[in-house]
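Chain by chain, the residues run as shown.
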Amino acid sequence: MKDNTLITITRQYGSGGREVSSIVAKKLGLRRYDRKIVEMAAEKLHDYSDTPIDEIIKNSYNNPDDSTSGIGDYAFERIPYFNRMYIEQAKIILEVAKKGSAVFLGRCADYILKDFPNRYSFFIYADDEFRLNRAKDHYGNHTLKELDEEDKNRQSYYAYYTGQTWGDPKNYDLMINTGKISLEEAADLIINYIELKQKD
């Protein structure tokens, strides 16, 4: 695999996408960035002293403030908090990507890194039954409605910052249904796809 391979994984809540990203990173010996991106951005914004990091992460997909017509039109200090969080996260993702291969989970990384030549994007999803069963063991026994609410937040966040539709097949190399294959197989499918493409 090439030294500057960038893998972005977007996932439906309850699909096991976080675990898939972890398996991929482990198999390839790469660093995986998910909540670490938020922590690094929070550090840059000096928010550790004011807000617990878990709360920052919990709220990091909140719907942005629509009151601004465009984040480029305002001085940084006047940009709403979560807009500033996005800007800092994007800067960190770009900095990490320039240093070499890595796996990124969520955070609009597929869009932020779209101009990098060796960027491969995957969307992990699953049927409702799989997500509901997984929620019992991994997500505090959330209801399907609660899982879907989290996805709506991600959809809004993604649409606001990218102008694209979260989960649209046109935005990804592969869409993988973890209700049909194991998480290990999903990780292998991602790795095999990248290896196949890099042979071209």
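Because the structure is predicted, anything quoted here is derived from the model rather than measured.

A. Looking closely at the pattern of salt bridges. Enumeration over the complete set of coordinates arrives at 13 salt bridges. Two residues, Lys27 and Asp188, come together in a salt bridge whose shortest N-O distance is 3.2 Å. Residue Lys27 is located in helix H1 (residues 17–28), and its partner Asp188 is located in helix H8 (residues 183–197); the two are separated by 161 residues in the primary sequence. Across the pair Glu88 and Lys91 runs a salt bridge whose closest N-O atoms are separated by 3.7 Å.

B. Geometry of unusual backbone geometry. Here the phi dihedral of Arg107 falls at roughly 60°; this positive angle occurs in a residue that is not glycine. Along the chain, Arg107 turns up in the loop between strand S3 (102–105) and helix H5 (109–112). For Cys108, which is not glycine, the phi dihedral falls at a positive 60°. In this structure, Cys108 sits in the loop between S3 and H5. Accessibility expressed as a relative area gives 5% for Cys108, which makes it buried.

C. Summary view of the packing of H1 against H8. The interhelical angle for the contact between H1 and H8, taken along N-to-C directions, is 55°, at an axis separation of 9 Å. Comparing the axis directions of H1 and H8 gives the class oblique. Two packed elements cross with a definite hand, and for H1 against H8 that hand is right-handed. Touching Glu19, Val20, Ile23, Val24, Lys27 and Leu28 of H1 are Leu183, Glu184, Ala186, Ala187, Asp188, Ile190 and Ile191, all from H8. The residue inventory of the contact of H1 with H8, partitioned by class, reads nine nonpolar, no polar and four charged.

Reading guide: rules and limits
- Residues numbered from 1 in each chain as written.
- Predicted model: local features only at pLDDT ≥ 70, side-chain atom pairs only at ≥ 80, totals over all residues.
- Heavy atoms only, no water.
- Salt bridge = Lys/Arg side-chain N within 4 Å of Asp/Glu carboxyl O.
- Helix = DSSP H or I, 4+ residues; strand = E, 2+ residues; numbered from the N terminus.
- Buried < 20%, exposed > 50% of the residue type's maximum accessible area, 1.4 Å probe, protein only.
- Axes fitted to C-alpha atoms, helices over the stretch in contact; angles between N-to-C directions.
- Parallel < 35°, antiparallel > 145°, perpendicular 65-115°, else oblique.
- Left-handed = near helix turned anticlockwise from the far one by under 90°.
- Contact = heavy atoms within 4.5 Å.
- Nonpolar A, V, L, I, M, F, W, Y, C, P; charged D, E, K, R; others polar.

Spatial relationships are all this shows, so hold off on functional conclusions.
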